[in-house]
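Structure assessment
So you can see what is in the structure, the chains are spelled out below.
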Amino acid sequence: MYSHQRFVPPALGTAMLVGMLATGTAAAAEEPADVRFAVPSWPGVTVKSELAGQLLEALGYTPQQQELGSTIAYEALNQDDVDVYLAAWLPGQSTSYDPAMEEGVIKDLGNNVDGARLGFAVPEYVFDAGVTSGEDLKDPEVREKLGGTIYAIEVGSGISEILDDNMEKDTYDLTQWEVSETSTPGMLSTVESALQREEWLVFTAWTPHWMNIEYDVRYLDDPEDFWGDEGGRSNVRTLVTQNFAERQPNATRLLDQLNFSADDQSAMIYGYSFDEKPADEVALTWLREHPEKVRTFVDGVTTRSGEEKAWPEVQDALEIPAP
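Residues numbered from 1 in each chain as written. Predicted model: local features only at pLDDT ≥ 70, side-chain atom pairs only at ≥ 80, totals over all residues. Heavy atoms only, no water.

Scanning the entire structure with this criterion turns up nine salt bridges. Between Arg36 and Asp83 there is a salt bridge, and its shortest N-O distance comes to 2.9 Å. Taken together, the positions of Arg36 in strand β2 (residues 35-39) and Asp83 in the loop between α4 (70-78) and β4 (84-90) put the pair 47 residues apart, joining distant regions of the chain. For the pair formed by Arg36 and Asp83, the shared burial category is buried. Ionic contacts of the salt-bridge type, sharing partners, join the residues Arg36, Asp80, Asp83 and Arg247 into one network. (Salt bridge = Lys/Arg side-chain N within 4 Å of Asp/Glu carboxyl O. Helix = DSSP H or I, 4+ residues; strand = E, 2+ residues; numbered from the N terminus. Buried < 20%, exposed > 50% of the residue type's maximum accessible area, 1.4 Å probe, protein only.)

Okay, structure coming up:
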C-alpha cells in the first residue's frame, strides 16, 4: 500500500535514492518519506513492516520500505539512510547488533515478538521415539538413525554463525556430525521430503515461521543453551535512530507499542510466503481480525498533526471493526 524500494549504497545518498527508486504512495504524493523502514527479504518482517506502514499512513505519515540485507540495515541506520528496523533478532544478529549499537546512533525500543526461538527440530515421530533434547545428539545410535547430518540454512546467517561456533566448542559432540547448509527453501524442501517418507532428520528451525504451522515438528530441549539463553529463546527487537525518535516521538510511540506473538507472526508468514498472498492484503486482514490488539498499538498515539486520537482514525481508514 505504500512505497517500496530496493537499497542503493549509502554513497549515493538518501535524496538520490528517493529520486531514483521511489514508487507508490510517496512518489505519487510527491512527498518525501518520513518513516523509512529497512526490510530484509524475510516474509515475517515484510508483512510486519507493511502492517506498521498501514497504521502510520492512516495517521498521515508517509512510510516507505527499503529492501536490504540485515547486516546492511545496521549500517543504514547508523548513516541515517533509514529510520526503522523491526528485525533485530537476538542473539542471532549479535555480531551486527553489538558494534552497531556502540556508535550511539540507534535506539532499541525492545522486543516486538513474544515466543521467538531458535533450535534444533525433528519430526514429531522422531521426538515421540525419544529424541527430545540436544543431549540425545551425543548418542551414536541416534546419530546413525538421523543420518549423521544436520540440515541448516546458508552460510552468513545468524543461525549458521551460532552453529559454527558451537561446532568448534563440540557442544553436544557435534564434531561427529556433518552439516549440510543451503538456502531456507532448500532446507525446508529436504524437511518436507523426509516427512513425506517418515524418515529421520534433524534441522535448524525457528519460530515465527510458516514451518511451525505446516509441518509436524518439535524443538529439542537445549540444556547447554547452544542457541542462546533460556534454551534458544530469542528477542526480535525494534530499532529506530535516535534522530528519528526525537523528530517523530508520536510515530516512535506507535512503533514501540507494536508487539506480536510468535503464532501471530507465523500466521502472517504463512499467508504471505506459503499461500503467496500480497503483503498488504495479509497485513490488512490481520489488522481487521485483531481490533483489540490494534487498539493497544495506538494507545496514546495521535494523528501526525496531533489533532486527533489515533484509534478512530485508524479504525475508519482501515475499516477495522470495533473490539
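Next up on the list: the pairing of β4. Consecutive residues of a regular strand have side chains that alternate between opposite faces of the sheet. Among the seven residues of β4, seven are classified as buried, and the element is accordingly described as predominantly covered. Relative to β4, β2 runs parallel, the two sharing two bridges. Note that in β4 the partner of Ala38 across the bridge is Tyr85. Bridge analysis of β4 against strand β12 (residues 235-241) gives five bridges, and the strand direction is antiparallel. Within β12, the residue paired with Trp89 across the bridge is Val236. (Pairing = 2+ DSSP bridges.)

Turning next to the pairing of β12. Of all the seven residues making up β12, five are buried; the element is thus mostly covered by neighbouring parts of the structure. In this structure, strand β5 (residues 106-111) lies alongside β12, joined through five bridges in antiparallel fashion. Bridge pairing in β12 places Gly110 opposite Thr238.

Right, let's talk about the packing of aromatic side chains for a bit. By the definition in use, this model includes 11 aromatic pairs. Seen in terms of ring centroids, Tyr172 and Phe226 are 5.9 Å apart; in terms of plane orientation they differ by 5°. Their pairing is stacked. Within this pair, whereas Tyr172 is found in the loop between α8 (158-169) and β9 (178-182), its partner Phe226 is found in the loop between β11 (217-219) and α11 (229-232), the two being separated by 54 residues in sequence. Each member of the pair, Tyr172 as well as Phe226, carries the same accessibility label: buried. Aromatic side chains Trp286 and Phe297 sit 6.1 Å apart centroid to centroid with 5° between the ring planes, which places their arrangement in the stacked category. Residue Trp286 is found in helix α15 (residues 279-289), and its partner Phe297 is found in helix α16 (residues 291-297); the two are separated by 11 residues along the sequence. The class of Trp286 is buried, set by a relative accessible area of 6%. The exposure class assigned to Phe297 is buried, which follows from its relative accessible area of 0%. (Phe/Tyr/Trp six-rings, centres within 6.5 Å; stacked < 30°, edge-to-face > 60°.)

A separate point is helix α17 (residues 310-318). Taken together, the buried positions of α17 are occupied by Ala310, Trp311, Val314 and Leu318. One face of α17 carries all of its buried residues, which in axial projection span an arc of 95°. Buried residues belonging to α17 abut α3 (43-58), α15 and α16. Glu319 sits one or two residues past α17 and shows a positive phi near 55°. (Arc of directions from axis to C-beta. Contact = heavy atoms within 4.5 Å.)

What follows concerns the layout of surface pockets. Of the volumes computed, that of the largest pocket is approximately 870 Å³. Taken together, 34 residues make up the lining of the largest pocket; nearest its centre are Trp42, Ile153, Ser157, Thr184 and Trp206. Going through the elements one at a time, α3, α4, β4, α5 (94-101), α8, α9 (184-197) and α14 (262-274) are the ones with two or more residues in the lining of the largest pocket. Considering every element that reaches the lining of the largest pocket, the biggest residue donor is α3, with four residues. The class makeup of the residues in the lining of the largest pocket is 16 nonpolar, 15 polar and three charged. Lining of the second largest pocket is provided by Ala267, Met268, Tyr270, Gly271, Asp275, Lys277, Glu281, Val282, Thr285, Trp286 and Glu289. Taken together, the elements giving at least two residues each to the lining of the second largest pocket come down to α14 and α15. (1 Å grid on protein atoms, 1.4 Å probe; cavity = no way out; pocket = protein on both sides within 12 Å on 5 of 7 lines; lining within 4 Å. Points joined across faces, edges and corners; volume = space filled by probe spheres on them. Nonpolar A, V, L, I, M, F, W, Y, C, P; charged D, E, K, R; others polar.)

By themselves, these figures tell us nothing about what the structure is for.
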